[in-house]
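# Coordinates in review
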Amino acid sequence: MSDVAAHAGVSHQTVSRVINGRPNVAAATRKKVLEAIAELGYRPNSAARALVTGSSRTLGLAIANISQYGPAQTMLGLERAAREAGYFLTVSVLDDDTAGDMIEAVERLATQSVDAIVALSTYEGAVRALPDVSPRVPMIAVQAEDGGQDSAVWVDQEAGAALATRHLLELGHRTVHHLRGPANALEADARERRWRLELEAAGAVVPRVLHGDWWPPTGYLAGRELIARRRGGEVVTAVFAANDQMALGLLRAFAEAGIRVPDDISVVGFDDVPEAAYYAPPLTTVRQDFAELGRRVIQVALARIGGTSVQPEPVQPTLLVRSTTAPPPRVKASGRRQQG
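Computed from a predicted model, the values in this text were never measured in an experiment. (Residues numbered from 1 in each chain as written. Predicted model: local features only at pLDDT ≥ 70, side-chain atom pairs only at ≥ 80, totals over all residues. Heavy atoms only, no water.)

In this structure the tally under the stated criterion is 20 salt bridges. With a shortest N-O distance of 3.8 Å, Arg194 and Glu158 are connected by a salt bridge. Within this pair, whereas Arg194 is found in helix H9 (residues 186-201), its partner Glu158 is found in helix H8 (residues 157-170), the two being separated by 36 residues in sequence. When the shortest N-O distance is used, the salt bridge between Glu192 and Arg180 registers 2.6 Å. Linking Glu192 in helix H9 with Arg180 in strand E6 (residues 177-180), this pair joins segments that are 12 residues apart in sequence. There is no split in this pair, since Glu192 and Arg180 are both buried. When salt bridges with common partners are traced through the structure, they connect Glu158, Arg166, Arg193, Arg194 and Glu198 into a single cluster. (Salt bridge = Lys/Arg side-chain N within 4 Å of Asp/Glu carboxyl O. Helix = DSSP H or I, 4+ residues; strand = E, 2+ residues; numbered from the N terminus. Buried < 20%, exposed > 50% of the residue type's maximum accessible area, 1.4 Å probe, protein only.)

Spelled out as structure tokens, the structure:
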């Protein structure tokens, strides 16, 4: 700043006012300072600025499973929203979704002079550990449900499961089978819970749940199991898969067995991965708005940094109807009108 001041022929304080956007600087002087900054290639020193302002303009993110679509897209949404608000995002990746790993990641971020910490996990152990962490800066939880946190932001997973299940029931399917995500995953729990409630409310039989791990191979194995159930006499005409990647495995298994989607079985996924529209056939799925989730997290973080409290509503998912859902064969044969 001293170099810029000398180059522009102004005081150090004038340079500071220009950099910080203060109004009490003449237009000609401001122009002269900005030209000096451009010529010298000046960049503000964030560490020095933090010492003066008490703010690093940096947010910490503790996150696991960034190889999975949901966490990765949430991280991208957070980074974009933080950047638009003038903040940097520093990331601490958990080795595993355990309570110990979450506590360690949060404490590691707390030593980096961040202004607030965002903790993202949808696994029960890591989420339940958050109330026991005291990082001395605001902490915002991003997860499938609030988990009792004072500041939490999440996508309404149950609403998404309701959209998927109702869509299939309204098409005329007598029941809907469900391929859930891994045990202890709060998102998987919420989706299964609402699927079950929707079937019970409709007076439909609740089939045995199939278990997966978010990845296509378990979807493929679940598809093989459903094929065996069909051959054993069980009526299987609709499946709600807890994410699109497992739905991809289902489609592969059905195709190998000569089972047509949606003529024989309808399939709904969850997430709307970029490839979902290009599956064969294109996948009907529930879309999560990760960009909006990121904006709401940053909104809460900035409010907490400023000493106020904001608790936004959960982000609402939407149903995208493509080509993997249709009335079951018996409904088509009877000529009943498609609903939904």
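Picking up after the structure, the text goes on.
Okay, helix H5 (residues 69-84) next. In an α-helix, one turn spans 3.6 residues; hence positions three or four apart end up facing the same way. The end-to-end C-alpha distance of H5 is 23 Å, a good match for the 22 Å that 16 residues give at a rise of 1.5 Å each. On its buried side, H5 packs onto strand E1 (58-63), strand E2 (88-93), strand E3 (116-120), strand E4 (139-142), strand E9 (266-271) and helix H12 (290-305). The first or second residue beyond H5 is Gly86, which carries a positive phi of 85°. (Expected span 1.5 Å × (residues − 1). Contact = heavy atoms within 4.5 Å.)

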